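Architecture at a glance
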Amino acid sequence: MAPRVSPEKPQNRAFDLLEFPEKQKLNFATTLVMVILHLGAIAALFMFSWTNLAVALFLLWFCTGLGISMGYHRLHTHRSYQVPLPLEYLFAVCGALTFEGGPIFWVATHRIHHQKSDMPGDPHSPRDGGWWAHVGWILVGEAKHNNTRLMAKYAPDLAKHRFYVWLNDWHWLPNVLLAGLLFAIGGLPLMLWGTCLRVVIGLHATWLVNSATHMWGSRRFPTRDDSRNSWWVALITFGEGWHNNHHAHPTSARHGLAWYELDLSWIQIKILRYFGIAKRVQVAKITTPLAERDAA
Ligand SMILES: [Zn+2]
Ligand SMILES: [Zn+2]
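Residues numbered from 1 in each chain as written. Chains lettered and ligands numbered in written order. Predicted model: local features only at pLDDT ≥ 70, side-chain atom pairs only at ≥ 80, totals over all residues.

**Some thoughts on the nonpolar core**
Formed by 46 residues in total, the largest nonpolar core has its most connected members in Ile-104, Val-107, Ala-108, Met-151, Ala-155 and Leu-197. Where this core is concerned, the elements lending two or more residues are helix H2 (28-44), helix H3 (50-77), helix H4 (85-96), helix H5 (103-116), helix H8 (156-159), helix H9 (162-169), helix H10 (173-210) and helix H13 (264-274). Not counting chain neighbours up to four residues away, the residues in contact with Ala-108 comprise Met-151, Tyr-154 and Ala-155. The next biggest cluster of nonpolar side chains, apart from the first, holds nine residues, and it includes Ala-212, Val-233, Ala-234 and Ala-284. (Core = buried A, V, L, I, M, F, W, Y, C linked by C-beta atoms within 7 Å. Buried ≥ 20, exposed ≤ 12 C-beta atoms within 10 Å, placed from the backbone. Helix = DSSP H or I, 4+ residues; strand = E, 2+ residues; numbered from the N terminus. Contact = placed C-beta atoms within 7 Å.)

**Here's the deal with the packing of H2 against H10**
Orientation of H2 relative to H10, taken along the N-to-C sense of each, is 120°, at an axis distance of 8 Å. Classed by the angle they form, the pair H2 and H10 counts as oblique. Of the two possible hands of crossing, H2 and H10 adopt the one that is left-handed. The segment H2 lies against H10, with Leu-37, His-38, Gly-40, Ala-41, Ala-43 and Ala-44 engaging Leu-192, Trp-193, Cys-196, Leu-197, Val-199 and Val-200. Each residue belonging to the contact of H2 with H10 can be placed in one class, and the counts come to 10 nonpolar, two polar and no charged. (Axes fitted to C-alpha atoms, helices over the stretch in contact; angles between N-to-C directions. Parallel < 35°, antiparallel > 145°, perpendicular 65-115°, else oblique. Left-handed = near helix turned anticlockwise from the far one by under 90°. Nonpolar A, V, L, I, M, F, W, Y, C, P; charged D, E, K, R; others polar.)

**So, unusual backbone geometry**
Note: most residues except glycine have negative phi, and most peptide bonds are trans. Despite not being glycine, Asp-118 has its phi angle at roughly 60°, a positive value. Along the polypeptide, Asp-118 turns up in the loop between H5 and helix H6 (130-139). For Asp-118, a count of 22 C-beta atoms within 10 Å puts it in the buried group. Phi at Phe-238 takes a positive value of approximately 65°, unusual for a residue other than glycine. In this structure, Phe-238 sits in the loop between helix H11 (231-236) and helix H12 (243-248). Using a count of 25 C-beta atoms within 10 Å as the deciding quantity, one classes Phe-238 as buried.

**Looking at the confidence of the model for the protein**
On average, residues of the protein score 89 in pLDDT, and 88% of them are at 70 or above. Here residues 1-22 is modelled with pLDDT under 50, and outside its nearest four sequence neighbours on either side it reaches 40 contacts, counting other chains as well. (pLDDT = per-residue confidence, 0-100.)

As structure tokens, then:
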């Protein structure tokens, strides 16, 4: 597949949609935060302990697993199931703990991705280059993560909640508090493992869904985008790697549609449903036909 445009000049129109005025300019603050997180992650590797590893793995599950996969993505963006509001709020705080931005920003960006997948307007398509889809799109443009009013146009259901508006403005605060807590308990090594290394692994895992699963893997459904199913991305993202299934059936709470497609978030949603906590769970099957707008 030949790239539609050169990676240096992404035809990224989503930023126009979101009224980003200087879409090609490197965002210094965002880039600096990313560099610091990566340096901290490398430093953490020199301070190994089994406790640090266990805390980092638990937080990876708590923040990226519950916050991004079950929260921001399957619950807040696609409303593929319902839970009581306090749990929905908790998942959103978990999501903010990943440094992937506040809930209104994340949901707005992802809804545009589904509307425009791999077409002009997709915020992160590998057709604009693999690096662009992975992280480039985050590093350029104005920092509108906190421009809640602007983002709210794309997530009006979330913007109705004062809590989500507040969390979108202060999305970095939970992580700063967590880093302080980890430092108080276990000093610099625990803070670097529980924050920097854990956040960096969570970020790259999530970003691989935007880059790798729009480039490599198999396609079960002939969707109009380039989405693929990738077992190894699914393994490190709590089931998000079954991305062709997901683009074919975006509102399905289950992404791994075959019995052999491991989808940890789906197992967890089933557990919540068993206890009556998750309701109105929407589930697609392999045989479910594509909706017309999602077909190639
Ligand atoms: Zn996608
Ligand atoms: Zn989605």
